[in-house]
Amino acid sequence: MSFHPLMPYGEGWHKSDRIVAAEGQPFAFTPDRVRQLEEICGKYPPDRRKSAVLAALYFVQEQQGYLTANAMRHVAEFLRITPAEVEDVATYYVMFYRAPVGRYVLQVCRTLSCALGGAERVVEALSEKLGIKVGETDASGMFTLMEFECLGACDRAPVVMVNNEYWHERLTPENCSKFVDDIKVRGEAALSGCYLKVEN
Ligand code: FES
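Being a predicted model, the structure only gives us computed values, none of them experimental.

Colleague: Hey, could you run me through the overall build of the chain in this one?
Modeller: If you tally the helices and strands in the chain, you get 8 helices and 4 strands. Each helix (α) and strand (β) of the chain, taken in turn from the N terminus, gives the series α-α-α-α-β-α-α-β-β-β-α-α. Summarising its shape, the C-alpha atoms of the chain cover approximately 55 × 50 × 35 Å along the three principal directions. Relative to its full complement of 200 residues, the chain shows a buried share of 40%. Relative to all contacts within the chain whose residues are 6 or more apart in sequence, the contacts with residues 24 or more apart total 64%. A total of about 12,000 Å² of accessible surface is found on the chain, and carbon and sulfur atoms cover 53% of it. For the chain, the centre of its 22 positive side-chain charges and the centre of its 27 negative side-chain charges are spaced 3 Å apart.

So, in structure tokens, the structure goes:
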């Protein structure tokens, strides 16, 4: 480790005080999730339990909707790793929410093909329809708007993923208002799906 001569190194300078999520309520996995997670951990060598960290974080999100500091500490204890290791994963991947989100998280791809296809205007139209900016949840608590990177369906741009799972392709700014209204009425059934899945 090297030291910069002008840095004011004081006691505890090396300790991070970063806050990556709110403390939240006390958290523990449900017995069913404990069982499932132990099964997943069992697929790895005993000293590699941390290989299950993605699954554990998905379970947290499934159980309480988003990640909190308490939940990440619980994951760290469960996997016998440090909270920092869990936080590193949680902050690296965009599919993990670190604040409450709406029932439908609209994730608009903004990478090149979608950008050329009008993704920015799609975001603007959704933003206007919902009365929120990117990263916010609308007043009803139903929709959260996010931007994403390439979803792998570049020939069907602009693409929107919903709740990390469901798909809608070729959304235009003109269709955004109807798109939102349709989701309100029909939920995921309003989405076009992924053409690869639809055609296979
Ligand atoms: S650029 Fe949007 S899906 Fe690839």
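Having seen the structure, we can now continue with the description.
Colleague: What's the story with the packing of aromatic side chains in this structure? I'm lost.
Modeller: What characterises a pair of aromatic rings is the spacing of the ring centres plus the angle enclosed by the ring planes. Throughout the structure, instances matching the rule amount to 5 aromatic pairs. Taken together, a centroid distance of 5.3 Å and an interplanar angle of 80° make the contact between Phe 27 and Phe 29 edge-to-face. Residue Phe 27 is classed as buried on the basis of its relative accessible area of 13%. Exposure remark for Phe 29: the relative accessible area of 7% places this residue in the buried category.

Colleague: When you look at the side chain of Glu 169 in this model, what are you seeing that I'm missing?
Modeller: Among the secondary structure elements, Glu 169 is positioned in the loop between β4 (166-168) and α7 (176-186). Arg 156 provides the closest opposite charge to the buried, salt-bridge-free Glu 169, at an N-O distance of 4.5 Å.

Colleague: Just checking my understanding: could you explain unusual backbone geometry for this structure?
Modeller: Trans peptide bonds make up the majority, and among non-glycine residues the majority have a negative phi. Between Ala 157 and the following residue, Pro 158, the backbone shows a cis peptide bond with an omega angle of -10°. Inspection of the secondary structure puts Pro 158 in the loop between β2 (143-148) and β3 (160-162). The phi torsion at Arg 80 lies on the positive side, around 60°, for a residue other than glycine. Looking at where Arg 80 falls in the secondary structure, it is placed in the loop between α3 (69-79) and α4 (83-92). The phi dihedral of Asn 163 is positive, around 55°, even though this residue is not glycine. Here Asn 163 is to be found in the loop between β3 and β4.

Colleague: Teacher, can you tell me more about the pattern of salt bridges here?
Modeller: Between side chains of opposite charge, a pair can form when the charged atoms approach closely. With the rule as written, the count across this model stands at 12 salt bridges. Between Glu 147 and Arg 110 there is a salt bridge; the shortest N-O distance is 3.1 Å. Here the residue Glu 147 occupies a position in strand β2, and Arg 110 occupies one in the loop between β1 (104-109) and α5 (112-116), the gap between them amounting to 37 residues. Salt bridges sharing common partners tie together Asp 32, Arg 35 and Glu 39.

Colleague: Explanation requested: the packing of helix α2 (residues 53-64) against α4 in the structure shown.
Modeller: When two helices pack together, their arrangement is captured by the angle between the axes and the distance separating the axes. Where α2 contacts α4, the two axes come as close as 10 Å, and the packing angle between them is 70°. Judged on the interaxial angle alone, α4 and α2 are roughly perpendicular. From α2, Val 53, Leu 54 and Leu 57 reach across to α4, where they touch Val 86, Val 89 and Ala 90. Here the residues of the contact of α2 with α4 are counted per class, giving 6 nonpolar, no polar and no charged.

Colleague: Looking at this model, I keep getting lost on the pairing of β1. Mind explaining?
Modeller: Strand residues, when the strand is regular, have side chains that alternate between the two faces of the sheet. With 6 of 6 residues buried, β1 lies mostly within the body of the structure. What you see with β1 is no split at all: Tyr 104, Leu 106 and Val 108 on one side and Val 105, Gln 107 and Cys 109 on the other are buried throughout. Bridge count for β1 against β2 is 6 bridges, and the pairing is parallel. Bridge pairing in β2 links Leu 106 to Leu 145. Bridge count between β1 and β3: 3 bridges; the pairing is antiparallel. Note that in β3 the partner of Gln 107 across the bridge is Met 161.

Colleague: For this particular structure, what's the right way to read the domain arrangement of the chain?
Modeller: Examined at the domain level, the chain breaks down into domain 1 (31-92) and domain 2 (104-199). Taking only C-alpha atoms, the centre of domain 1 and the centre of domain 2 are 29 Å apart.

Rules of the game
Residues numbered from 1 in each chain as written. Predicted model: local features only at pLDDT ≥ 70, side-chain atom pairs only at ≥ 80, totals over all residues. Heavy atoms only, no water. Helix = DSSP H or I, 4+ residues; strand = E, 2+ residues; numbered from the N terminus. Buried < 20%, exposed > 50% of the residue type's maximum accessible area, 1.4 Å probe, protein only. Contact = heavy atoms within 4.5 Å. Areas by Shrake-Rupley, 256 points an atom, 1.4 Å probe, with all protein chains shown as cover. Lys, Arg positive; Asp, Glu negative; His and termini not counted. Charge placed at Lys NZ, Arg CZ, Asp CG, Glu CD. Phe/Tyr/Trp six-rings, centres within 6.5 Å; stacked < 30°, edge-to-face > 60°. Salt bridge = Lys/Arg side-chain N within 4 Å of Asp/Glu carboxyl O. Axes fitted to C-alpha atoms, helices over the stretch in contact; angles between N-to-C directions. Parallel < 35°, antiparallel > 145°, perpendicular 65-115°, else oblique. Nonpolar A, V, L, I, M, F, W, Y, C, P; charged D, E, K, R; others polar. Pairing = 2+ DSSP bridges. Domains from an automatic or database assignment.

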